Structures are given as C-alpha cells and as structure tokens.
Amino acid sequence: MSRFRVEFYDCLYARADALFELTDAVLCADGPVNTLVELSLTAEHRRGHGALYAGLDRGWTEPTRLRRALAGLPLPKTAEGRIVLAVDVSNWLRPDAPTSDDRLFCHVYGRGDRKTDQFIPGWPYSFVAALEAARTSWCRLLDALRLGPADDATLVTAAQLREVVERLADAGHWKPGDPEILIVMDAGYDVTNLSHSLQDLPVVLLGRLRSDRVSFETRAPPAPDRRAGGPAGTAASSPSPGPTPGTTPTSPPPRTPPATARQRPWPGTVCIPG
C-alpha cells in the first residue's frame, strides 16, 4: 500500500498535494459525500476549501501512468491460478446538471419510490475489475472509462479489455502457459463480437444471455427406426393389434416435442441463459 501511494502521488502532475489529500478525504469520509466543502472538513484534508477547488480546477492526473500502477498491484486468482475479470457499466446520474457536457440517458431501475425502468441524464462509465476468488463484494478496480454519445459500446469495450489484458501481461501477472484469463459480463454485451475482436488474446469470455433470447441452428436428422420385425430404417411390418374386448380404446401417445434450439457461440465464448 505504501508503494502504491508513492506511485499514485507521482501520477499527479499539477496541484499534487491538494489532489492527494482530496483522495484521502474521499476514501476516509464517514458515509456518502454530498458536497465538496464536507471533504475539506475531514482530518485527512489539511488544507482549506480554496485549495480543494483549485486542485480540481487546475490539477492534472496522468491516467496512463495511473492505469499501469493499478495493473502492477497484486491480483487475486482462483485455485488453478486463473485471473477473473469483470466488465460492467455504472452510471453517474446528473439529472440536476444541465450545463454538464456529453450527458446520456442512463437506464436505471427502482430509483426512489418508483419500481419501473427509468432513463435519467448522467454519465455512464465502463469499469474493468479483478474479482476475488471467495464470495465477497470486494474487487480490484483496474480501469474506468466514460462512454460518450458517439461511442460504440462494443468497440470501446473491446479496446478497453485489450489494453487491460496487455497491461497485466506486461506487469507479469500472466505468462505463456498460464490459464487463460476469464472475463465475465452481463447480458447487455455482444459476447460474440467481443470474442471475435479479442481472439488473439489469451482470454475466455463468459456472458449471460437474456431469458427471451431465441437462437436457431440446423437440427440433426432423426435416428433410424430399428424396431423388431422390419429392416433398418422402417417400421415393423406386422399390423398393430386392436383393442382387447371389454376395454375402452385409448388415444395414441402424444408426439415428442421438437428439440430445443441452442445458440452455437463463437469459439472462446461460453453462454449462460439468464
């Protein structure tokens, strides 16, 4: 942790002290932060609120160097030594900020007292994090990228995942011969196109399919009828016996329902019905 704090400070090129203390104040604040003035009152922020605003207005952080520092931290792995990454989109809702640029309508559910889907102006961010092996809500954030109005979600996600995997390889977390990196994602992602775009990387994509997704493939020909009394591929030649005297004729058994169609994913993908 101490080494990472030094590397993080080196990523701050302007107003480094103010931004560094502001980061400590955000992480150590009790409860959610509603205003910037509250952060200036924490014990970790030793400067006045004027330095806080100046740091946000004139400060500068080098994102590329910060991403490399995050990739160099120890990563959790499974028992077989596999790295598991997750990619998802989280929305920073800004309904009361009409002067903010590049806001999009973000899809949210169950906000406030409403129990229906809503579209609220805000900024969507694409996150990539390393998942822990045990059952926990903690994860290691590796990258964050804001999506713009003209961005294609599939192309941006593919480029983001490629850069994260390459940084992990450069940091020594993955070497040739290690298990492939598993990347999990929700139902909103195009897993097939992403798998095609990342086919040259040592990754396996695991995506969840929507419950109403319908896919078709060519059905295999039926197996030949090999019942006794007739040649292969034909039914028995003996006539079927009639009903036994004193009994009520019964209707023939129902036909076997058609086979369920399954999607044939791109090599390197695994699909889970949701």
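Above this text sits the structure in question.
Okay, so let's go over this structure.

Rules and cut-offs
- Residues numbered from 1 in each chain as written.
- Predicted model: local features only at pLDDT ≥ 70, side-chain atom pairs only at ≥ 80, totals over all residues.
- Heavy atoms only, no water.
- Axes fitted to C-alpha atoms, helices over the stretch in contact; angles between N-to-C directions.
- Helix = DSSP H or I, 4+ residues; strand = E, 2+ residues; numbered from the N terminus.
- Parallel < 35°, antiparallel > 145°, perpendicular 65-115°, else oblique.
- Contact = heavy atoms within 4.5 Å.
- Nonpolar A, V, L, I, M, F, W, Y, C, P; charged D, E, K, R; others polar.
- Patch = residues over 30% accessible without salt bridge, like charges linked within 9 Å, V, L, I, M, F, W, Y side chains within 5 Å.
- Areas by Shrake-Rupley, 256 points an atom, 1.4 Å probe, with all protein chains shown as cover.
- Salt bridge = Lys/Arg side-chain N within 4 Å of Asp/Glu carboxyl O.
- Buried < 20%, exposed > 50% of the residue type's maximum accessible area, 1.4 Å probe, protein only.
- Core = buried A, V, L, I, M, F, W, Y, C linked by side-chain atoms within 4.5 Å.
- Phe/Tyr/Trp six-rings, centres within 6.5 Å; stacked < 30°, edge-to-face > 60°.
- Lys NZ or Arg CZ within 6 Å of the ring centre and 35° of its normal.
- 1 Å grid on protein atoms, 1.4 Å probe; cavity = no way out; pocket = protein on both sides within 12 Å on 5 of 7 lines; lining within 4 Å.
- Points joined across faces, edges and corners; volume = space filled by probe spheres on them.

1. Focus: the packing of helix 2 (residues 16-28) against helix 4 (residues 49-58)
Next up, step 1: Contact geometry of helix 2 with helix 4 gives a least axis separation of 9 Å together with a crossing angle of 105°. If you check the angle between helix 2 and helix 4, you find them roughly perpendicular. Residues Ala18, Leu19 and Leu22 of helix 2 form the contact with helix 4, whose own contacting residues are Ala51, Leu52, Gly55 and Leu56.
Next up, step 2: Taken together, the residues of the contact of helix 2 with helix 4 sort by class into six nonpolar, one polar and no charged.

2. A word on a nonpolar patch on the surface
Next up, step 1: Among the surface-exposed residues, Leu36, Val37, Leu41, Tyr53 and Leu56 lie close enough to one another that they form a single nonpolar patch of about 460 Å² accessible area.
Next up, step 2: Elements represented by at least two residues in the nonpolar patch include exactly helix 3 (36-40) and helix 4.
Next up, step 3: Counting through the fold element by element, leucine 56 comes out in helix 4.
Next up, step 4: Using a relative accessible area of 44% as the deciding quantity, one classes leucine 56 as partly exposed.

3. Comments concerning the nonpolar core
Next up, step 1: By size, the foremost hydrophobic cluster in this structure holds 24 residues, and its most contacted members are Leu85, Ile181, Ile183, Met185, Val203 and Leu205.
Next up, step 2: Of all the secondary-structure elements, those providing two or more residues to this core are strand 3 (84-93), strand 5 (117-131), helix 6 (153-170), strand 7 (181-185), helix 7 (191-197) and strand 8 (203-209).
Next up, step 3: Here the element with the most residues in this core is helix 6; it accounts for five residues.
Next up, step 4: In terms of nonpolar packing, the next biggest core, distinct from the first, is built from seven residues, Phe8, Leu19, Phe20 and Ala69 among them.

4. Quick word on the packing of aromatic side chains
Next up, step 1: What the rule picks out here adds up to five aromatic pairs.
Next up, step 2: Residues phenylalanine 4 and phenylalanine 8 carry aromatic rings whose centres are separated by 6.4 Å and whose planes lie at 20° to one another, so their mutual orientation is stacked. One end of the pair is phenylalanine 4 and the other is phenylalanine 8, both in helix 1 (residues 2-10) and four residues apart, which spans about a single turn.
Next up, step 3: Look at tyrosine 9 and phenylalanine 20: their rings are 5.6 Å apart centre to centre, the planes differ by 80°, and that puts the pair in the edge-to-face class. Taken together, the residues span a long stretch of sequence, with tyrosine 9 in helix 1 and phenylalanine 20 in helix 2 at a distance of eleven residues.
Next up, step 4: Residue classification places phenylalanine 20 among the buried positions, given a relative accessible area of 14%.
Next up, step 5: The rings of Phe4, Phe8, Tyr9 and Phe20 are connected pair by pair, giving a single aromatic cluster.
Next up, step 6: When the ring centre of tryptophan 92 is taken as origin, the NZ or CZ atom of arginine 94, which lies over that ring, is 5.2 Å away.

5. Some words on empty space enclosed by the protein
Next up, step 1: Following the criterion strictly, the structure yields one cavity of 30 Å³ or more and no others.
Next up, step 2: The space that makes up the largest cavity amounts to roughly 30 Å³.
Next up, step 3: Every residue along the wall of the largest cavity is listed here: Arg67, Leu70, Ala71, Leu142, Val164, Arg167 and Leu168.
Next up, step 4: Its residues assigned to classes, the lining of the largest cavity shows five nonpolar, no polar and two charged.

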